[in-house]
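# Survey of secondary and tertiary structure
So the chains spell out like this:
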Amino acid sequence: MLGLVGTGFDGLDNYRLTSTELDPSNFQIDLPTKKEVLVHAQICKLMNGYTTTQRDFNFAMLSGVTRTTLEREYNKSMTSNDNMIAGSCHRDVVKEVLDCADDLVVEGFFREYGGGGGGSSNNNRDENKEGGTGERIEACVFSSESLRQIIVCFRGSTAAQARPVRSNLLFGRDASSILDDEKQKVGILNSFQSAYFSTSLEKALSFLLANLAARKPFFDVVMTGHSFGGAMATIASLRYAMGNSQMRVICHTFGSPRIGGEEWRQLVHSIPNLRIYRVEKAHDSFVTMPTGNEWVHCGHSIQILGEEETSVQFAAHRFDRAAPNASLSHTLQKVATEPVRVLRSASKVVSIPIQGTSNNNGKDAIEAYVDKLRSSGDCWFTEFSGMKGEGVSGMNNEMRTL
């Protein structure tokens, strides 16, 4: 991670501006547009689903190729029985790229494999702690002129995407690891810490983002991802924003699990050039995991309400403090305190996967998020929920001044 930029004044190089939930920067509480959130969701859908078409598709082959060229090559391939473009790029994957946005350009792609051992095959893992996945982690970098954004989408292995929190439902403080002993001395879930640092992905991304920022100086940097990829995107956005205070950094995640505790949350909210929104559906079980009071979310939440296409609504909750999760939280706390007696009933109520299975019929899949965003037309929020009020007025509506 890049160090802090020198101020030019003796003794001030180790200082930086900070913010809090009570005194955020204007950038931290800006509202996102539905267009950009939908583009980011469609990119996550592309990254989650391309393996079913071509498992080891290398997006680097598309780096720097303009939309005009992609469209021309795609249209030419339609007259052929071959599913490939230029002999290597699968036509259906290219079509997905074209469908994400009108002007999306692939700028780079990284695929790396962690060294922490392999997922469920790691028989030496302590089942009471989350260990390293040892599976592949990918990041694809895009740019959009209309959005003025450099977009980094993270993806884990297929298994990690389907089940980002793997062992059991109950986690204590011993399930956390320090994010960074030198820069960020806060605890996060072991599996996310070990997965993020098990590869050199961050270093490779830093070089590419530095190059893109120089070429596109007025673009924001966006980190996005679904499920496990959302957790990786959140960690990356914090570290990049802290090391690049001159950049505006946005993080939009979909169905992301909790990553750390209250110290992690306060650190994230202390970065004035970092804005985080988590998009969540009511039946996505993983957004409430890990369970326990020691695990909390960070950033603002955008909740998708309503199951029918005609009744879909969106509500944004500033720093997530007023999000209406009372009934769900109550059920999960019962799971935490009375696991043997209520585990099965809780799984039916909130669709919590047990022993590696999924009982939610795809309701936590990224396709469900994209469908809700697409089918809801112009429906979107214009302010944070619960923030509008008439303030304090005196007797006979007299004016109060300070």
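Report on the accompanying structure.

Analysis parameters
- Residues numbered from 1 in each chain as written.
- Predicted model: local features only at pLDDT ≥ 70, side-chain atom pairs only at ≥ 80, totals over all residues.
- Heavy atoms only, no water.
- Helix = DSSP H or I, 4+ residues; strand = E, 2+ residues; numbered from the N terminus.
- Buried < 20%, exposed > 50% of the residue type's maximum accessible area, 1.4 Å probe, protein only.
- Polar contact = N/O pair within 3.5 Å; in protein donor to acceptor, adjacent residues only side chain to side chain.
- Contact = heavy atoms within 4.5 Å.
- Phe/Tyr/Trp six-rings, centres within 6.5 Å; stacked < 30°, edge-to-face > 60°.
- Lys NZ or Arg CZ within 6 Å of the ring centre and 35° of its normal.
- Core = buried A, V, L, I, M, F, W, Y, C linked by side-chain atoms within 4.5 Å.
- Pairing = 2+ DSSP bridges.
- Axes fitted to C-alpha atoms, helices over the stretch in contact; angles between N-to-C directions.

Within the secondary structure, Arg 278 sits in strand β10 (residues 274–281). You can call Arg 278 buried: its relative accessible area is 4%. At 3.0 Å, the side chain of Arg 278 and the backbone oxygen of Cys 298 are in polar contact. Setting aside its immediate chain neighbours within four residues, Arg 278 contacts Thr 253, His 297, Cys 298, Gly 299, His 300, Ser 301, Ile 302 and Asp 320.

Scanning all chains against the criterion turns up nine aromatic pairs. Arranged with centres 5.1 Å apart and planes meeting at 85 degrees, the rings of Tyr 50 and Phe 59 form a pair that is edge-to-face. Phe 59 shares its class with Tyr 50; the two are buried. When the ring of Tyr 196 is compared with that of Phe 197, the centres are 5.1 Å apart and the planes differ by 80 degrees; the resulting orientation is edge-to-face. Through pairs of rings, three or more aromatic residues link up here, namely Tyr 50, Phe 57, Phe 59 and Phe 109. The ring of Phe 27 is capped by Arg 275, whose NZ or CZ atom sits 4.6 Å from the centre of that ring.

Attention now moves to the nonpolar core. By size, the foremost hydrophobic cluster in this structure holds 49 residues, and its most contacted members are Ile 43, Phe 59, Leu 62, Phe 142 and Phe 254. With eight residues, helix α1 (residues 34–49) is the single largest residue contributor to this core. When residues no more than four places from it in sequence are discounted, the contact partners of Phe 59 are Leu 46, Met 47, Tyr 50, Val 93, Val 97, Val 106, Phe 109 and Cys 140. Counting 48 residues, the second-largest nonpolar core is a separate cluster that includes Leu 201, Leu 209, Leu 212 and Met 223.

A sheet is described by the order of its strands in space; here eight strands give the open sequence β3-β4-β5-β8-β9-β10-β11-β12, paired in mixed fashion. Where the open sheet ends on each side, the last strands, each with one partner, are β3 (104–113) and β12 (313–317). With direction set aside, neighbouring strand axes in the sheet form an average angle of 20 degrees.

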